[in-house]
Amino acid sequence: MYGTSTRRWFKAYPLPEQNRKRGNLLVQWPALQRDRFRAVNLQEPENHACGIFRWLAAVHGQEETCHMPVAAFLSHYHLRLLDDEVFFKRYKYKLQIDILHTQEEDWMEHVPLHPVRFREKDFQTLYIQLHILWHNILYESFLIYGTNIRNYRISRKWGQGYLLLFRIPGQHEWICLGQFFEKEHLIHVANLFCSFLCSITHRCMPGYIVEHLLYADKSDDEEEKRRLTFIFPRFAKAVYRKEHIEMLIRERIPTHQQAGFLWLKVKDMTDFERLYYSWRKAWSNSDRDLDRLSNELKMYLSGWKIKNERRQ
């Protein structure tokens with residue numbers, strides 16, 4: 001229908017779920033096509049997603065999306081999102097979270113995958129069971145690797161039940177997330193936590209688009225004015241595969257425009273958002289600081305472009 005096969009976007013899902021998501025997408029398709037080239041309206045609320053982000057959300061099986069700053073990403077659950085470096089340097093040992101090392105892996109077993117859908121009322125279960133949530137924090141790698149049940153383990157604590165452990169791939173330390181008397185309950189909570197981490201990223205497409213034309217000056221050539229920069233938090237790669245997202249966007253934008261991409265860690269994303277929202281407010285209010293903020297945003301994105309080119 002509409003000259004596009006939707007099956008390729010949902011082939012990873014079981015057939016009933018695949019058909020439901022495809023059906024939802026087809027219902028939205030006329031409006032998505034109408035708004036596909038619609039950019040950010042600076043007069044609209046700041047959490048309003050532009051056309052390309054609404055389309056990306058629909059392609060990933062979401063019926064709607066919002067725009068939420070990373071700084072406020074987990075505020076609904078009274079959680080703070082920390083950069084990995086901040087967590088491991090300042091918080092890891094202060095929070096009385098047990099750290100286990102690799103020599104104890106012989107006593108561990110994998111957590112089996114039991115798919116479960118997170119619901120709002122389930123957060124109370126997670127909060128009661130998982131130590132790290134008692135401190136109202138998560139760190140970035142949880143949103144990247146915590147969505148995969150293969151990064152969790154079960155450890156038997158003789159006479160005291162079972163421990164739920166988590167490790168970032170490539171690291172040697174295991175973090176104890178909680179203690180359970182029943183193994184089945186541990187398995188359920190681990191899978192529920194994975195679903196929770198997926199859901200908070202799925203329900204909010206945390207990305208931005210900057211049209212270079214909006215801050216261009218007389219020194220910029222036409223190619224620069226046609227550029228678009230898409231900015232995503234690095235943790236979104238856990239749910240939205242980087243190469244897949246970039247391919248989808250390049251397929252959908254007008255052919256005369258060029259797309260660049262930034263995938264930023266939490267601290268860098270927060271710095272960008274602070275500048276972006278100040279610039280956007282100045283734009284919508286015709287603020288006298290607009291020229292200064294436009295130049296700062298231009299230099300910020302140019303700096304990241306240069307960094308990425310050096311890495312390649």
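Described below are features of the structure shown in this document. (Residues numbered from 1 in each chain as written. Predicted model: local features only at pLDDT ≥ 70, side-chain atom pairs only at ≥ 80, totals over all residues. Heavy atoms only, no water.)

Quick look at the overall build of the chain now. Counting its regular elements, the chain contains twelve helices and ten strands. Residue burial in the chain is summarised as follows: out of 312 residues, 50% are buried. Relative to all contacts within the chain whose residues are 6 or more apart in sequence, the contacts with residues 24 or more apart total 70%. Surface accessibility of the chain: about 16,800 Å² in total, with carbon and sulfur atoms responsible for 50%. (Helix = DSSP H or I, 4+ residues; strand = E, 2+ residues; numbered from the N terminus. Buried < 20%, exposed > 50% of the residue type's maximum accessible area, 1.4 Å probe, protein only. Contact = heavy atoms within 4.5 Å. Areas by Shrake-Rupley, 256 points an atom, 1.4 Å probe, with all protein chains shown as cover.)

Turning to the pairing of strand β6 (residues 161–166), a few remarks are in order. Within β6, six of the six residues are buried, which leaves it mostly tucked inside the rest of the structure. Taken together, the six bridges between strand β5 (residues 152–157) and β6 define a ladder with antiparallel strand orientation. Residue Ile154 lies in a different strand from β6, and its bridge partner there is Leu164. As judged from the five bridges shared by β6 and strand β7 (residues 174–180), these two strands associate in the antiparallel manner. Residue pairing across strands places Phe166 opposite Ile175, the latter belonging to β7. (Pairing = 2+ DSSP bridges.)

Residue placement: Phe181 occurs in the loop between β7 and α8 (183–202). In the structure, Phe181 is positioned 20 residues away from Gly161 in sequence and 4.3 Å away in space, judged by C-alpha atoms. Sequence-distant contacts of Phe181, defined by excluding residues within four places in its chain, comprise Gln160, Gly161 and Tyr162.

Here we take up the environment of Glu296. For Glu296, the location among the structural elements is in helix α12 (residues 290–311). In this structure Glu296 comes out as partly exposed when scored by relative accessible area, which is 33%. Counting along the chain gives 21 residues from Glu296 to Leu275, while the straight-line C-alpha distance between them is 7.9 Å.

Now for helix α4 (residues 84–91). Taken together, the buried positions of α4 are occupied by Asp84, Phe87 and Phe88. Along the axis of α4, the buried residues cluster in a sector spanning 85°; they form a single face. Relative to its buried face, α4 has exposed residues pointing more than 90 degrees away, namely Lys89 and Arg90. Among the structural elements, β1 (80–82), α6 (131–134), β4 (137–139), α7 (140–145) and β7 are those in contact with the buried residues of α4. The distance from a side-chain oxygen at the start of α4 to the backbone nitrogen of Glu85 is 3.1 Å, and the residue carrying that oxygen is Asp83. (Arc of directions from axis to C-beta. Polar contact = N/O pair within 3.5 Å; in protein donor to acceptor, adjacent residues only side chain to side chain.)

Most of strand β9 (residues 227–233) is tucked away, with seven of its seven residues classed as buried. Burial along β9 is two-sided: Arg227, Thr229, Ile231 and Pro233 facing one way and Leu228, Phe230 and Phe232 facing the other are all buried. As paired strands, β9 and strand β10 (residues 258–264) are joined by seven bridges and run parallel to one another. Following the sheet pairing, Ile231 is matched in β10 by Leu262.

What follows covers unusual backbone geometry. In this model, His78 sits at a positive phi of 60°, which is unusual for a non-glycine residue. Relative to the helices and strands, His78 resides in the loop between α3 (51–59) and β1. In this model, Asn136 sits at a positive phi of 60°, which is unusual for a non-glycine residue. Turning to its location among the elements, Asn136 is positioned in the loop between α6 and β4. Residue class for Asn136 comes out partly exposed when judged on its relative accessible area of 28%.

As for its placement among the helices and strands, Ile154 is situated in strand β5. In sequence terms Ile154 and Val111 are 43 residues apart; their C-alpha atoms lie 6.2 Å from each other. Those residues in contact with Ile154 that sit more than four places away from it in its chain are Trp107, Met108, Glu109, His110, Val111, Pro112, Tyr162, Leu163, Lys183, Leu186 and Ile187.

Within the structure shown, the criterion is met by eleven salt bridges. Here Lys267 and Asp271 are joined by a salt bridge, their closest N and O atoms 3.4 Å apart. With Lys267 and Asp271 both in helix α11 (residues 266–284) and four residues apart, the pair spans about one turn of that helix. (Salt bridge = Lys/Arg side-chain N within 4 Å of Asp/Glu carboxyl O.)

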